[in-house]
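What the coordinates show
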Amino acid sequence: AADEALQEERARHKALVDALPDLVWLKDPEGRYLSCNPVFERFFGAPEREIVGRTDYDFVPVEQADFFRERDKAAIGAGHALVNEEWVTFASDQRQVLLETIKTPMFDAAGHLVGVLGIGRDVTASRRVQQALAQRVKEVACLYDIFRETERHELSLPPMLRRVAGLVPGGMRLPEAALACISFAGDQYGSAEAKQSPWLHSVSFETDFGNGELCVAYREGGLPAGETPFTAEERAFVEAIAERVAGAVVRHTESAALRDREEVFSAIVGQARDG
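Structure report, in brief. (Residues numbered from 1 in each chain as written. Predicted model: local features only at pLDDT ≥ 70, side-chain atom pairs only at ≥ 80, totals over all residues. Heavy atoms only, no water.)

**So, the sheet that holds strand E9 (residues 210-218)**
- Read from one edge of the open sheet, four strands run E7-E6-E9-E8, paired in antiparallel fashion. Of all the strands in the sheet, the pair left with one neighbour each is strand E7 (187-190) and strand E8 (199-207). Adjacent strand axes in the sheet meet at a mean angle of 20° when their direction is disregarded.
- Bridge analysis of strand E6 (residues 178-184) against E7 gives four bridges, and the strand direction is antiparallel. Note on E7: the bridge partner recorded for Ser 183 is Gln 188.
- In the packing of helix H6 (residues 157-167) onto the sheet, the strands contacted are E6 and E7, and the crossing angle to E6 comes to about 155°. (Pairing = 2+ DSSP bridges. Helix = DSSP H or I, 4+ residues; strand = E, 2+ residues; numbered from the N terminus. Axes fitted to C-alpha atoms, helices over the stretch in contact; angles between N-to-C directions. Contact = heavy atoms within 4.5 Å.)

**Quick notes on the pairing of E8**
- The pairing of E8 with E9 spans nine bridges and is classified as antiparallel. Following the sheet pairing, Trp 199 is matched in E9 by Tyr 218.
- Connecting E8 to the next strand, E9, in antiparallel fashion are two residues.

**With respect to the sheet that holds strand E3 (residues 82-89)**
- Judged by pairing direction, the sheet is antiparallel, and its five strands sit side by side in the order E2-E1-E5-E4-E3 without closing on themselves. For this open sheet the edge positions go to strand E2 (33-36) and E3, each flanked by a neighbour on one side alone. Between one strand axis and the next, the sheet turns by 25° as a mean value, whatever way the strands run.
- Docked against the sheet, helix H5 (residues 124-150) engages E3, strand E4 (96-107) and strand E5 (113-122), running at close to 125° with respect to E4.

**Some details on the side chain of Asp 28**
- Tracing the backbone through its elements, the reader meets Asp 28 in the loop between strand E1 (23-27) and E2.
- For Asp 28, a relative accessible area of 10% gives the class buried. (Buried < 20%, exposed > 50% of the residue type's maximum accessible area, 1.4 Å probe, protein only.)

**Overview of H6**
- Regarding H6, the residues found buried are Leu 157, Met 160, Leu 161, Val 164 and Ala 165. All buried residues of H6 project into a common sector of 135° when viewed along the axis, lining one side. (Arc of directions from axis to C-beta.)

**Some details on the pattern of salt bridges**
- For the structure shown, the criterion picks out 20 salt bridges.
- Linking Arg 32 and Glu 30 is a salt bridge whose minimum nitrogen-to-oxygen distance equals 3.6 Å.
- A network of salt bridges, in which partner residues are shared, links Lys 27, Asp 56, Asp 72 and Lys 103. (Salt bridge = Lys/Arg side-chain N within 4 Å of Asp/Glu carboxyl O.)

**Some details on unusual backbone geometry**
- For Gln 94, which is not a glycine, the phi torsion comes out positive at approximately 60°.
- For Gln 94, the location among the structural elements is in the loop between E3 and E4.
- Judged by relative accessible area, Gln 94 falls into the exposed class, the value being 56%.
- We note that Ala 185 has phi near 55°; this positive angle belongs to a residue other than glycine.
- Looking at the element boundaries, Ala 185 is found in the loop between E6 and E7.

**Observations concerning the packing of aromatic side chains**
- In total, this model carries eleven aromatic pairs according to the counting rule given.
- Consider the rings of Phe 40 and Phe 43, whose centres lie 5.5 Å apart with planes at 80°: the pair is edge-to-face. Placement of the pair is Phe 40 and Phe 43 together in helix H2 (residues 38-44), with a separation of three residues, close to one helical turn. You'll find Phe 40 and Phe 43 in the same group, each marked buried.
- Its guanidinium or amino end placed over the ring of Phe 90, Arg 95 lies 4.4 Å from that ring's centre, counting from NZ or CZ. (Phe/Tyr/Trp six-rings, centres within 6.5 Å; stacked < 30°, edge-to-face > 60°. Lys NZ or Arg CZ within 6 Å of the ring centre and 35° of its normal.)

Printed below as a string of structure tokens:
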């Protein structure tokens, strides 16, 4: 009866672990696998019976296996759970995910080390949401700075366009690799190198005082492998800036014309003999 109860308890525990959506595994102190759940089987692309007794070096590249082993040893040395994040590729479908991994040293009743329990949770979606939110905040801050520059009436048009071109890269996904250039009425403001890049996105704008173009680019070699040059959100961001620049050009040009008329009128009045 005791053996049956023990078997039933073990079966319940295994069913519970197998039902978890997270990767779960247990290694001995030397790094050999003692057990794992079905999600982990998909990670290695092998059934549990072929994983048990083997090590990471049998399933993943040496560099990654070294990293896994170092984290195991760190958890054993610390004597408590350690958390880290790591990008992994599932052998079953080549899917890349970001795992938040918790590794905990396991001890028996006598205090002897049994092995290291690992739990890996897929946090790819939440990380992408966080990154997207951070990018939107960065874009809003950049748009606010550009708004302030375009409202500075004491600036003439060329320095205003030059300042705006300098602010645009700060709102891009990879600001350190971004370039921006504004063309208007035959003149260019910002980085002329932008138009030479193979990764270029340009938005034209029209005004009653002339046509212009806002060009945003990434330096050649400035994008990580596999990165999309311009996301839909980045394109919308650039288009919003181009629209703002077009409006600023109109306001600055009209203001300059008004100032010229006032100066001419003042000169005429100042030279008049009659009161």
